[in-house]
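# Observations on chain architecture
Listed below, chain by chain, are the residues.
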Amino acid sequence: MKKAVSRATVDRLPLYLRALRLAEEDGQEIISSKELGRRLNITPEQIRKDLAFFGQFGHKGIGYFIGELKGGIENILGLNRNWRLAIIGVGNLGTALAHYKNFEPLGFELAALFDVDEKIIGTEVNNFRVYDFGKVKSIARRKLIDIGIIAVPELEAQYVADELIATGVRGLWNFAPTKLAVPPEISLVNEDLSIGLSALSFYLVQNSE
């Protein structure tokens, strides 16, 4: 049985990857856990602990070869694959996500947009046609969608999730402020913007006292 990886560890891996890419762009070939930690304000001990969970990285007395570690983290995160995405809900948030430029560099491919508004269906956003969500099962299967991005109102989110799961998607990225019920084999990540803003408000208040 595989050991469970903490969400905190998983959340730090993309930070390591971004820092490694920046260091590589600066012409570096080797980096130490101390320098990586300095770039990210994370202790070297935490970095070594996170990476050790996935195997042996680094070389004693040398550090990490950036290309090697970068490739290893990309493999751990599954970014060496081509994950196909569909956005459901082409309002302000869905439109912004459709224009996000970093999907492709991270190994994701936006393949389809869906909505229920007749005024939006058939239009194009960033050169992607908006399909009728009522046809999601046939279109998502034809386009081999792996991940559904839910950017709809709270009351519609569970229905959208159920319909996406029925198409065979393997993961959901949920932006609706509600808890979704999904089968255990479906990977689910929630992005509740209200939680982030509330936390920011808390820190602002604390820092002003």
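What comes next concerns the included structure. (Residues numbered from 1 in each chain as written. Predicted model: local features only at pLDDT ≥ 70, side-chain atom pairs only at ≥ 80, totals over all residues. Heavy atoms only, no water.)

## Some points on the layout of surface pockets
Let me state the cut-off plainly: Points on a 1 Å grid, built from protein atoms alone, make a cavity when a 1.4 Å probe fits but cannot get out and make a pocket when they are open with protein on both sides within 12 Å along at least 5 of 7 lines; residues with an atom within 4 Å of a point are the lining residues. Grid points are joined across faces, edges and corners, and a volume is the space filled by probe spheres set on the points. In DSSP terms, a helix is any run of H or I states spanning at least four residues, a strand is any run of E spanning at least two, and both are numbered starting from the N terminus. Gly falls in the polar group here, along with every residue not listed as nonpolar (Ala, Val, Leu, Ile, Met, Phe, Trp, Tyr, Cys, Pro) or charged (Asp, Glu, Lys, Arg).
Approximately 1700 Å³ is the volume attributed to the largest pocket. Along the wall of the largest pocket there are 39 residues; nearest its centre are Val10, Leu77, Leu79, Phe108 and Val189. Elements supplying a minimum of two residues to the lining of the largest pocket: α1 (7-25), α4 (66-77), β3 (83-88), β8 (171-174) and β9 (187-190). Per-element tally for the lining of the largest pocket: the top contributor is α1, with 11 residues. Residues belonging to the lining of the largest pocket are distributed by class as follows: 25 nonpolar, 4 polar and 10 charged. Along the wall of the second largest pocket there are 13 residues; nearest its centre are Arg48, Phe57, Gly58, His59 and Tyr64. Class assignment for the residues of the lining of the second largest pocket results in 5 nonpolar, 7 polar and 1 charged.

## Section: the pattern of salt bridges
As a reminder, the rule being used: Any carboxyl oxygen of Asp or Glu within 4 Å of a side-chain nitrogen of Lys or Arg constitutes a salt bridge here.
For the structure on display, the rule yields 10 salt bridges. For Lys70, the salt bridge identified is with Glu24, shortest N-O distance 3.5 Å. With a gap of 46 residues between them, Lys70 in helix α4 and Glu24 in helix α1 connect regions that are remote in the sequence.

## Focus: the sheet that holds strand β5 (residues 124-125)
What counts, and what does not: Two strands qualify as a pair provided DSSP detects at least 2 bridges between them. Here a residue-residue contact requires only that any non-hydrogen atoms of the pair lie within 4.5 Å. The axes are straight lines fitted to the C-alpha atoms, using for helices just the contacting stretch, and the angles between their N-to-C directions are given from 0 to 180°.
In space, the 7 strands of this open sheet follow the order β5-β6-β4-β3-β7-β8-β9, with mixed pairing throughout. Edge strands, defined here as strands with exactly one partner in the open sheet, are β5 and β9. Pairing of strand β4 (residues 108-115) with strand β6 (residues 128-132) involves 3 bridges; the strand directions are parallel. Looking at β6, one finds that Phe114 is bridged to Tyr131. Each of β3, β7 (147-150) and β8 touches helix α7 (residues 154-167); the most contacted strand, β7, lies at about 170° to it.

## Here we look at the packing of aromatic side chains
The following threshold applies: Centre distance within 6.5 Å is the pairing criterion for rings of Phe, Tyr and Trp, where only the six-membered ring of Trp is used; planes under 30 degrees apart are then read as stacked, over 60 as edge-to-face, and the remainder as tilted.
This structure, assessed with the given rule, holds 6 aromatic pairs. For the ring pair Tyr100 and Phe103, a centre distance of 4.9 Å and an interplane angle of 80° mean the geometry is edge-to-face. Chaining the aromatic ring pairs together yields one cluster made of Phe114, Tyr131, Phe133 and Tyr159.

## Looking at the nonpolar core
Spelled out, the test is: For this analysis, a nonpolar core means a set of buried residues of the types Ala, Val, Leu, Ile, Met, Phe, Trp, Tyr and Cys, connected via side-chain atoms within 4.5 Å. Partly exposed describes any residue whose relative accessible area lies between the buried limit of under 20% and the exposed limit of over 50%, with all areas from a 1.4 Å probe on protein chains only and scaled to the type maximum.
Counting residues in hydrophobic clusters, the biggest one holds 22 residues, and the most contacted among them are Ile88, Phe114, Ile150, Val160, Leu164 and Leu172. Listed by contribution, the elements that provide at least two residues to this core are β3, β4, α6 (136-142) and α7. Counting residues per element, this core draws most heavily on α7, which supplies 4 residues. In this structure, Leu13, Ala19, Ala23 and Leu79 belong to the second largest nonpolar core, which totals 17 residues.

## Notes on the side chain of Thr167
Worth spelling out the cut-off: Under this definition, polar contacts are N or O atom pairs within 3.5 Å; protein pairs additionally need one hydrogen-donor-capable and one acceptor-capable atom, and for neighbouring residues in sequence, both atoms have to be side-chain atoms.
Mapped onto the elements, Thr167 comes out in helix α7. According to the relative accessible area criterion, Thr167 is buried, its value standing at 10%. A polar contact of 2.6 Å, which involves the side chain of Thr167, links it to the backbone oxygen of Leu164. Contact partners of Thr167, with chain neighbours within four places excluded, come to Val136, Lys137, Ala140 and Arg141.

## Re α7
Just so we agree on the cut-off: One less than the residue count of a helix, multiplied by 1.5 Å, gives the span that helix is expected to have.
For α7, built from 14 residues, the straight-helix expectation of 20 Å at 1.5 Å per residue is met to within 8% by its first-to-last C-alpha distance of 21 Å. Every buried residue of α7 is accounted for by Ala157, Val160, Ala161, Glu163, Leu164 and Thr167. Each element contacted by the buried residues of α7 is listed here: β3, α6, β7 and β8. Directly beyond the C-terminal end of α7, a positive phi value near 105° is found at Gly168.

## Things to note about the pairing of β7
We count it as follows: For crossovers, right-handed means that the path from the first strand over the helix to the second runs clockwise, given strands pointing away from the viewer.
What you see with β7 is no split at all: Ile147 and Ile149 on one side and Gly148 and Ile150 on the other are buried throughout. Note: β3 against β7, 4 bridges, orientation parallel. Counterpart to Leu85 in the pairing with β7 is Ile147. Relative to β8, β7 is paired through 4 bridges, and the arrangement is parallel. Considered in β8, the bridge of Ile147 is made with Gly171. Handedness of the β7-α7-β8 crossover: right-handed.

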